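So you can see what is in the structure, the chains are spelled out below.
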There are 4 protein chains.
Amino acid sequence: MKKIISLFWVVCFTLPLSAQCVRVKIDIPNLKGYVTLKCDFHMHTVFSDGLVWPTMRIYEAYREGLDAISITDHIESARNKKDLVFISSNHSYNVALATAKTTGIILIRGGEISRSMPPGHCNAIFATDVDELYTTDYMDAFRAAKAQNTFIFWNHPGWDRQQPDTTLWWPEHTKLLEQGMLHGIEVVNDGDYFPEAHQWCLEKKLTMIGNSDAHLPVPEFVSGKHRSMTLVFARSATPEAIHEALKERRTAVYNDEFIIGEEKYLKELFENALDLKIEKADNTVRITIKNNSDLTFRLKKTNHDARLVYFRDYTIVPQGLHSISIKLEDGITGGDVNFSVENFLVQPNKGMRYTIRI
Amino acid sequence: MKKIISLFWVVCFTLPLSAQCVRVKIDIPNLKGYVTLKCDFHMHTVFSDGLVWPTMRIYEAYREGLDAISITDHIESARNKKDLVFISSNHSYNVALATAKTTGIILIRGGEISRSMPPGHCNAIFATDVDELYTTDYMDAFRAAKAQNTFIFWNHPGWDRQQPDTTLWWPEHTKLLEQGMLHGIEVVNDGDYFPEAHQWCLEKKLTMIGNSDAHLPVPEFVSGKHRSMTLVFARSATPEAIHEALKERRTAVYNDEFIIGEEKYLKELFENALDLKIEKADNTVRITIKNNSDLTFRLKKTNHDARLVYFRDYTIVPQGLHSISIKLEDGITGGDVNFSVENFLVQPNKGMRYTIRI
Amino acid sequence: MKKIISLFWVVCFTLPLSAQCVRVKIDIPNLKGYVTLKCDFHMHTVFSDGLVWPTMRIYEAYREGLDAISITDHIESARNKKDLVFISSNHSYNVALATAKTTGIILIRGGEISRSMPPGHCNAIFATDVDELYTTDYMDAFRAAKAQNTFIFWNHPGWDRQQPDTTLWWPEHTKLLEQGMLHGIEVVNDGDYFPEAHQWCLEKKLTMIGNSDAHLPVPEFVSGKHRSMTLVFARSATPEAIHEALKERRTAVYNDEFIIGEEKYLKELFENALDLKIEKADNTVRITIKNNSDLTFRLKKTNHDARLVYFRDYTIVPQGLHSISIKLEDGITGGDVNFSVENFLVQPNKGMRYTIRI
Amino acid sequence: MKKIISLFWVVCFTLPLSAQCVRVKIDIPNLKGYVTLKCDFHMHTVFSDGLVWPTMRIYEAYREGLDAISITDHIESARNKKDLVFISSNHSYNVALATAKTTGIILIRGGEISRSMPPGHCNAIFATDVDELYTTDYMDAFRAAKAQNTFIFWNHPGWDRQQPDTTLWWPEHTKLLEQGMLHGIEVVNDGDYFPEAHQWCLEKKLTMIGNSDAHLPVPEFVSGKHRSMTLVFARSATPEAIHEALKERRTAVYNDEFIIGEEKYLKELFENALDLKIEKADNTVRITIKNNSDLTFRLKKTNHDARLVYFRDYTIVPQGLHSISIKLEDGITGGDVNFSVENFLVQPNKGMRYTIRI
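Predicted, not measured: the structure shown is a model, and the values here were computed from it. (Residues numbered from 1 in each chain as written. Chains lettered and ligands numbered in written order. Predicted model: local features only at pLDDT ≥ 70, side-chain atom pairs only at ≥ 80, totals over all residues. Heavy atoms only, no water.)

S.K.: Could you give an account of the overall build of chain A, with specific residues and numbers?
M.R.: Scanning chain A from terminus to terminus reveals eight helices and 21 strands. Relative to the compact-globule value of 21 Å for 358 residues, chain A shows a C-alpha radius of gyration of 22 Å, a close match. With the principal axes as the frame, chain A shows a C-alpha extent of 80 × 50 × 35 Å. Counting across all 358 residues of chain A, residues that qualify as buried make up 61%. Excluding contacts between residues fewer than 6 apart, the proportion of contacts in chain A whose partners are at least 24 apart in sequence is 65%. Split by element, the accessible area of chain A, about 13,500 Å² in all, is 48% carbon and sulfur. Taking the 41 positively charged and 45 negatively charged side chains of chain A as two groups, their mean positions are separated by 5 Å. (Helix = DSSP H or I, 4+ residues; strand = E, 2+ residues; numbered from the N terminus. Rg over C-alpha atoms; globule rule 2.2 N^0.38 Å. Buried < 20%, exposed > 50% of the residue type's maximum accessible area, 1.4 Å probe, protein only. Contact = heavy atoms within 4.5 Å. Areas by Shrake-Rupley, 256 points an atom, 1.4 Å probe, with all protein chains shown as cover. Lys, Arg positive; Asp, Glu negative; His and termini not counted. Charge placed at Lys NZ, Arg CZ, Asp CG, Glu CD.)

Encoded structure:
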């Protein structure tokens, strides 16, 4: 369901002989004044416990149509890797940078502060020197991250190894938040959605993040599948604009068929993805819908005037063309077609409500 | 490797509830003055020995990105179908027409004159009344087809049930040809390529045709696979323009990764599909190639100046971006990069030769 | 995730030339005393509003590894089909029977009594003459169905065209039930699950059914996907045994990753699918699980002794091998590992609870 | 077309959390007295110019159903890798060994002697210390390899970077051969088949080898696709038995649909894969064929008695069931059904001839 394109002429100069030079384009609409960038801010390489070389992360991102990534190797454990002589926590970034440049992938320097709970694992991205975040006391690491003006988010807050029964917010997180050392949370990590984290982001004005946390190779793109990612609504496709957008919480999370985020952004995505045409004839209204995106929309009827007779559930497929019929009974001439978009989550596990007035 | 698009807003009005409203777009370049139409002129329905209803053939064509089809049920055997009351040899066309119109698929009325060898099975398309082709003597059927100004082509000339050991041209075919009752041959039928038929088309100025001959449902589109089809280089996307192009032999056959046809068309397809950029630096030339099509190109080096050192085999993937390096030895400053495009057949089983001068 | 096998040597004698002679085997365990048969009791052909010939339904069933099907063309509307001369409501069965026999697929004669709500659409299978069910008054149709000792079930009870806002049980259904003319309900129709119907089956002792209701061709088998179907726990693979099992409510519904049915059957499926090995060492217990089926199991922790520390969510993949670690804290030596199998629905939208004592 | 199984209970103990614990089984028959082992003796990791960590090679092999692999990092260039501190040419083996043991994959220590042509690149496997093969003079490396009793084969003999126009045998190879330092050749490397190498193996009694030469991650198994590999007909599934079989040239190469090897092995593979049943009735013979393997067989009729009328081309699909009809004309009662198996190469680009006497 995704278009294959090749934006960057130069990529093949750096790819190994047998690598596929084909980039997929994921169609997700832009918002007014912003481009929608597909980003993954959490992944690993052989320089911590990942199984691929840093340049592979660039090829994968290029192939899958991403705009920006951050390689975030564990800062602490990397130094204990027995099979590899330690070089620096900046090393995976340094190794990948040239390939990122030739392919046009925006590479953001980062690292994962990997501590026991509290506060658990947090990524600091847009760092200037990750080695400075290697400290004994975790607070020192966060202070160093703040001093570098990084964007800091809490990873997989519901990870069962660290939160065995429930997804808890600890006093330590309050402290980090109050001291300006926590800016976002992974609402989705590698396909897992954390509704509690969704709620915290809404309440505490934190940025919603979704990432792959890839350790293994990311499988080659297969039609209709994509890694968990963050959609960043940025003023332009630059590292600075991504940083600004993250701070201003202009993101949504894209996970399987789900989009998770603030209602104002999801509503605009919905409206920009679809062309609607409404036609009336006698006691029937026909709504023709053209989906110009690779998103799926799962509609479910909500409370409505019973004299408007329409679908109970309706799925708009990627790039699909649909025609919905609505019967007007008892002589009414119009009304509100109410439904929720069940896979556009604007509250924890709650779909976005929407009305088409006919 | 193919783009999914939806050209026709109206299709869903006619599709059954659960049908997929998604059309694939196959990227094959146009030629100068002509649009490249993807056509399949040979398929069956329940009105002969096929297993689907005629409208299904339209949905399949829409889904797979075809522009035109002809349903060509067997004219003779249909009348002997014991499980179905015979209606008319025009019936499958009549049943499918309304759906064809709403989806924008060009539907061409046709039928298969299905006789023993010689002359075997032949399709007559652009008929006005297929029933008139139901005759005792096969020559009467061809005369009726000619009287209707149909385009007639010989199907699967190497079908082992009718030509057990070798693909033979019979005196009867000469007679049909001389009397203006044979205009083309299936060089490909359902994935099978007949090099003898390829040769006959070149020698006897017959139109090269490739078709699916589908009896079962055509599988839903799977990335990178497509049915055997005829590419028609037509002045416009109309039945009349297709008819004119077929008569003027402006076709090529698309089968798996192969394109089969006259060199002048294949050369233009090759050149229109690819953007080339040639850069020299010292004793190296770099050719950057961007493939803007869904076609694959399999290059194989041919005779050349040994001081030009380049690939032996090279595959240009669909929508791919490639960079080829050529070394200039012994102080030469340029020369001819000679190769054949092994999957662009301009003679039976022979690839098209091409030279890039650097 | 499914094994490809070919049980029936004879199938290729009847398949059209180009048909795939490959049968998939879906691994779902048998229950004690019963074989688990994969059945689809609801589909259409060109003899009502389907788009394929009846024999195609047999090929599809063979290919996908089903054991039994019923072709259930609409009894009333078939007579009004303008493009086909009406033969008999038994005709699709008659046409498909020879192919069913050579492939070993059990073909059950049936038809769909297709009325407005109430009572909506109902299938009557194991009929002896479907034409007798063509009546003016729908109750006469049900009486004729009962007289033939058919098994009758209500189709897609939540179909929005007939139940626009809510899935209602009508007095007419009570009447049918009381008169022995309603034995089951489709809890799943073509991927849609109806929790209300699930509840009614539990309360009113009705048989749970799941079907494809295919009108279009069923897509060729793709790894990991299957049509909605009914699992019938029968004494043997015969029509009579299926009939007996349906009457005794020995079924479950298989839909995507979900199994829906009575707890006693689902529990036995779960236990027969998995080999468990429990090993203790110090304060850790390791449970090794080998999944010998093509089923997925999505486990979610439920209330438990907090000193047993284990996963919050865990997915057992088809044919997968897993090792689960459980920590014993505060000196305990064992306890109950409690979880629900979220995709094994034993109540409407509720997973089956299970305990492994360690 | 391949069965998914899980042979080794222990693999999940060592896999990273998100790794798939599912092993595919490739059905290829054993030969009398020998098990058919699927092997890949050429691949790279981050310890030379590959992009994955050594353990990933084990997971890939496990997933794809291989029995044995050798990681063969470039011996010379690895020492010049600027982003990694050099440890030892044995290191990738040492890192992967524990995972190999838990998964049951046989890991063979090896390295690639990577020199300019002549003699080009050669792998030495079953080494005891790869570091000893790091020498200035390439002959010293081969002598060290011989001293360790390794099995040595020439890699990608038609690699265009080293053999720009033709695949040549150099005097240096003769010398290596005469001195017992060359035992096999890659007839296939990463999908590319070298017919010259095929010829040399037949003439010079060298072992035919096929390998992936993977630098990137090997894509997850997709139905019907597999990496290029060597089939080793070994007395048992042990390193010693593989070594013995390689020395005795009991191998074949499996590449796409092709099997390449000596006729005696290919004939036995063919016969062991297929169950044949021959039935006569009047003037027709029916041959029923059940393919119990994942191999495809592409038959093409060869010279034959014209009174035996049968297929021109026939494809036996993996795990497929087929029925072939042969007509006996002019009163003959039997004869030889002659054909070649076009994708079983027993000479360069020549299929294996076979006769079924009926």
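S.K.: Just give me the short version of the sheet that holds strand E15 (residues 284-291) of chain D, but keep the residues and values in it.
M.R.: All names here are of chain D. With respect to topology, four strands assemble into an open sheet ordered E14-E15-E19-E17, the strand pairing being antiparallel. Of all the strands in the sheet, just strand E14 (274-281) and strand E17 (308-309) have a single pairing partner and so form its edges. Summarising the sheet, E17 and strand E19 (residues 321-328) pair through two bridges and their orientation is antiparallel. Opposite Val309, over in E19, you have Lys327 as the bridge partner. Where helix H8 (residues 263-273) meets the sheet, it contacts E14 and E15, and its direction lies at approximately 65 degrees from that of E14. (Pairing = 2+ DSSP bridges. Axes fitted to C-alpha atoms, helices over the stretch in contact; angles between N-to-C directions.)

S.K.: Now, about the interface of chain B and chain C: what can you tell me, with residues and values included?
M.R.: The interface is formed by 26 residues belonging to chain B together with 25 residues belonging to chain C. Between chain B and chain C the total buried area reaches about 2,100 Å² when both faces are included, carbon and sulfur atoms providing 75% of it. Of all residues in chain B, B:Leu51, B:Trp53 and B:Asp83 bury the most surface against chain C, accounting for 29% of the area lost on that side. Summed over the shared surface of chain B and chain C, the result is zero salt bridges. Along the contact surface separating chain B from chain C lie four residue pairs in polar contact (both at pLDDT 80 or more). Among the secondary structure elements, those contributing two or more residues to the side of chain B that touches chain C are helix H2 (54-64) and helix H3 (91-103) of chain B. The greatest single-element share of the side of chain B that touches chain C, amounting to three residues, is contributed by H2(B). Looking at the side of chain B that touches chain C residue by residue, the classes come out as 18 nonpolar, three polar and five charged. (Buried area = accessible area lost by both parts, 1.4 Å probe. Salt bridge = Lys/Arg side-chain N within 4 Å of Asp/Glu carboxyl O. Polar contact = N/O pair within 3.5 Å; in protein donor to acceptor, adjacent residues only side chain to side chain. Nonpolar A, V, L, I, M, F, W, Y, C, P; charged D, E, K, R; others polar.)

S.K.: Break down the relation of the copies chain B and chain C for me, citing the residues and quoting the values.
M.R.: Rotating chain B by 180 degrees about the axis while translating it 0.1 Å along that axis superimposes it on chain C, leaving an RMSD of 0.0 Å. Given the turn and translation reported, the copies of this chain are related as if by a two-fold rotation axis. Scanning chain B for the C-alpha nearest the rotation axis identifies B:Val52, at a separation of 2.1 Å. The share of interface residues of chain B whose copies in chain C are also at the interface is 96%, consistent with both copies meeting through the same surface. (Least-squares fit on C-alpha atoms with pLDDT ≥ 70 in both.)

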